[in-house]
Amino acid sequence: MNLAEPMGPVWRADASGSGTNPGCRVMAVGSALPAKRVTNSDLEQFLDTSDDWIASRTGIRERRVADPGETLLSLAARAATAALSAAGVEASEVDTIICSSSSPDDTFPSLACRLQAELGCPHGTAFDLQAACSGAIYGLALAQSLIQTGMSRHVLVVAAEIFSRLVDWSDRSTAVLFGDGAGAFLVGGPDSPGSQIVAVDLGADGRGAGALGTLELPIEHRVTPGGPEYTASPRSLGRVVTMNGREVFRFSTKILEQVVLRLADAVGVEPGQISTVVSHQANSRILETAAGRLKFPFERFMTNLDMIGNTSSASIPLALAEGAAAGDCVEGDLICLVAFGAGLTWGGLLLSWGSTAIGIDQGAVP
Ligand code: UT7
């Protein structure tokens, strides 16, 4: 079976930035992390693993883990507030909230509805979408459509994850990979300040659904012997991550390359004209392999997974906020966001970098 061949058309904005397809603006990116750092050496204390294995196979050195008192809603609210404050936009101006999480603490009501109340947004549209690690890009694509069709004026896309409550802490093949965090995008119309959404490519191939998913947590794994407090947090929906790592690796490297090439082709540029790729931060070997296939220097990939692990759908706004705050995005740069994950799903988006505001919630970062 040849999984994950992109099929649908790539949407692109009118080159003039006006006309009927002007392309909305990403006005702000916000991010928030829990304060607790868990290093690979910390994991060695209760898992049969090593810093050397984790760092060499994944590039991850540490991750953030939510304390028992932190919730998905509190993390999401911190990232959303950081984005709104950076843009100088009031919560009352947001008419749509779209949330993405693969580690929800409930099936309903949605995280988006709870966030709407928490932020004090008016009674606009609020819903969650499920596209696993591709959720933030699916959310941005929807935001673009809702604004372009006149159904919304300001859309908040918030991706929040607490995978420390979704992994089986006795399974070394998955537990070492993930971390907790939240990121948010504020999207406004074409007349707003910010970075223009120039092209969008979304896809899914459900034949690969078995490669990455969740299973009911066996009773004997509900407590990790010798594990720290966070390993005993209530499980998200009583289920844990299960993954065919090699299959996911093959899919990810291939789709990452294809989406970058399709987006470049759609807007008529050479792939080399893309200044920066902000990929889903799954694993540095995936990013290195894709960079090699694209003949891109690895430095062109923005990465922060060494310090925060794989934060699923939150990873792209988290990486973009950090990189942009460090000055790595310059006016006019073509920035490619690319995600891939369970489903199998994928999504990519080209931004023409403009005056996007960056809000990093430092509140809980020591
Ligand atoms: O958002 C998408 C998330 N998914 C991903 O990013 C996953 C993509 N896949 C990968 O990055 C890699 O497949 C992994 C990093 C998950 C695993 O690397 P691998 O090179 O494919 O290792 P493997 O699963 O083939 O396992 C090799 C060995 C096994 O031992 P034996 O059978 O050779 O004795 C595993 O039991 O490594 C062992 N192993 C570990 N050893 C120490 C697996 N996990 C660990 C660990 N520490 N944490």
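Residues numbered from 1 in each chain as written. Predicted model: local features only at pLDDT ≥ 70, side-chain atom pairs only at ≥ 80, totals over all residues. Heavy atoms only, no water.

Enquirer: Please explain the overall build of the chain as it appears in this structure.
Expert: What the chain contains, in helices and strands, is 10 helices and 15 strands. Compactness check: the chain gives a C-alpha radius of gyration of 19 Å against a globular reference of 21 Å for 366 residues, within 12% of the reference. For the C-alpha atoms alone, the extent of the chain along its principal axes is close to 60 × 45 × 35 Å. By residue count, 58% of the 366 residues in the chain fall in the buried class. Considering only residue pairs separated by 6 or more positions, the chain has 81% of its internal contacts joining residues 24 or more positions apart. Here the chain carries 25 positive and 39 negative side-chain charges, and the mean point of each set is 5 Å from the other. (Helix = DSSP H or I, 4+ residues; strand = E, 2+ residues; numbered from the N terminus. Rg over C-alpha atoms; globule rule 2.2 N^0.38 Å. Buried < 20%, exposed > 50% of the residue type's maximum accessible area, 1.4 Å probe, protein only. Contact = heavy atoms within 4.5 Å. Lys, Arg positive; Asp, Glu negative; His and termini not counted. Charge placed at Lys NZ, Arg CZ, Asp CG, Glu CD.)

Enquirer: Please clarify how the pattern of salt bridges should be interpreted in this entry.
Expert: Charged atoms that come close allow side chains of opposite charge to pair. Under the defined criterion, the tally for this structure stands at 10 salt bridges. Here E70 ties to R78 by a salt bridge, and the two come within 4.0 Å at their closest N and O atoms. Just as E70 is buried, R78 falls in that class too. Here D105 ties to R114 by a salt bridge, and the two come within 3.0 Å at their closest N and O atoms. Looking at R114, the relative accessible area reads 24%, which means it is partly exposed. Here the salt bridges do not stand alone but share partners, grouping E70, R78 and D361 into one network. (Salt bridge = Lys/Arg side-chain N within 4 Å of Asp/Glu carboxyl O.)

Enquirer: Explanation requested: the site of the ligand in the structure shown.
Expert: Every one of the 20 residues lining the ligand counts as a neighbour, but T49, R57, R172, R246 and N283 are closest to it. Between the ligand and N310 there is a distance of 3.0 Å, counted from an oxygen atom to a side-chain nitrogen or oxygen. In this structure, the ligand is accommodated by the largest pocket. Listing elements by their share of the shell around the ligand, those giving two or more residues are α2 (51-58), α6 (172-175), α7 (245-266) and α8 (284-294). Here the shell around the ligand gets four residues from one element, more than from any other, and that element is α7. (Near = heavy atom within 4 Å. Polar contact = N/O pair within 3.5 Å; in protein donor to acceptor, adjacent residues only side chain to side chain. 1 Å grid on protein atoms, 1.4 Å probe; cavity = no way out; pocket = protein on both sides within 12 Å on 5 of 7 lines; lining within 4 Å. Sits in = over half its atoms within 2 Å of the grid points.)

Enquirer: Explain a positive patch on the surface here, please?
Expert: On the surface, a cluster of positive charge is made up of R57, R246, R250 and R285. As for its position among the elements, R246 is in helix α7. Here R246 falls in the exposed class, since its relative accessible area comes to 67%. (Patch = residues over 30% accessible without salt bridge, like charges linked within 9 Å, V, L, I, M, F, W, Y side chains within 5 Å. Areas by Shrake-Rupley, 256 points an atom, 1.4 Å probe, with all protein chains shown as cover.)

Enquirer: Before we go on, may I ask you to explain the environment of A175 in this structure?
Expert: One can find A175 in helix α6. Residues A175 and P22 lie 153 residues apart in sequence; the distance between their C-alpha atoms is 43 Å. With residues up to four places along the chain from it excluded, the contact list for A175 reads L47, V167, D168 and W169.

Enquirer: How should the packing of α7 against α8 be read in this particular structure?
Expert: Each pair of packed helices can be summarised by the angle the axes make with each other and by the distance between the axes. Taken N-terminus to C-terminus, the directions of α7 and α8 make an angle of 45 degrees; their axes are 9 Å apart at the nearest point. When the axes of α7 and α8 are compared, the pair comes out oblique. With respect to the hand of their crossing, α7 and α8 are arranged in right-handed fashion. Across the interface between the two elements, F249, S252, T253, K254, L256, E257, V260 and L261 of α7 pack against R285, I286, L287, T289, A290, R293 and L294 of α8. Taken together, the residues of the contact of α7 with α8 sort by class into eight nonpolar, three polar and four charged. (Axes fitted to C-alpha atoms, helices over the stretch in contact; angles between N-to-C directions. Parallel < 35°, antiparallel > 145°, perpendicular 65-115°, else oblique. Left-handed = near helix turned anticlockwise from the far one by under 90°. Nonpolar A, V, L, I, M, F, W, Y, C, P; charged D, E, K, R; others polar.)

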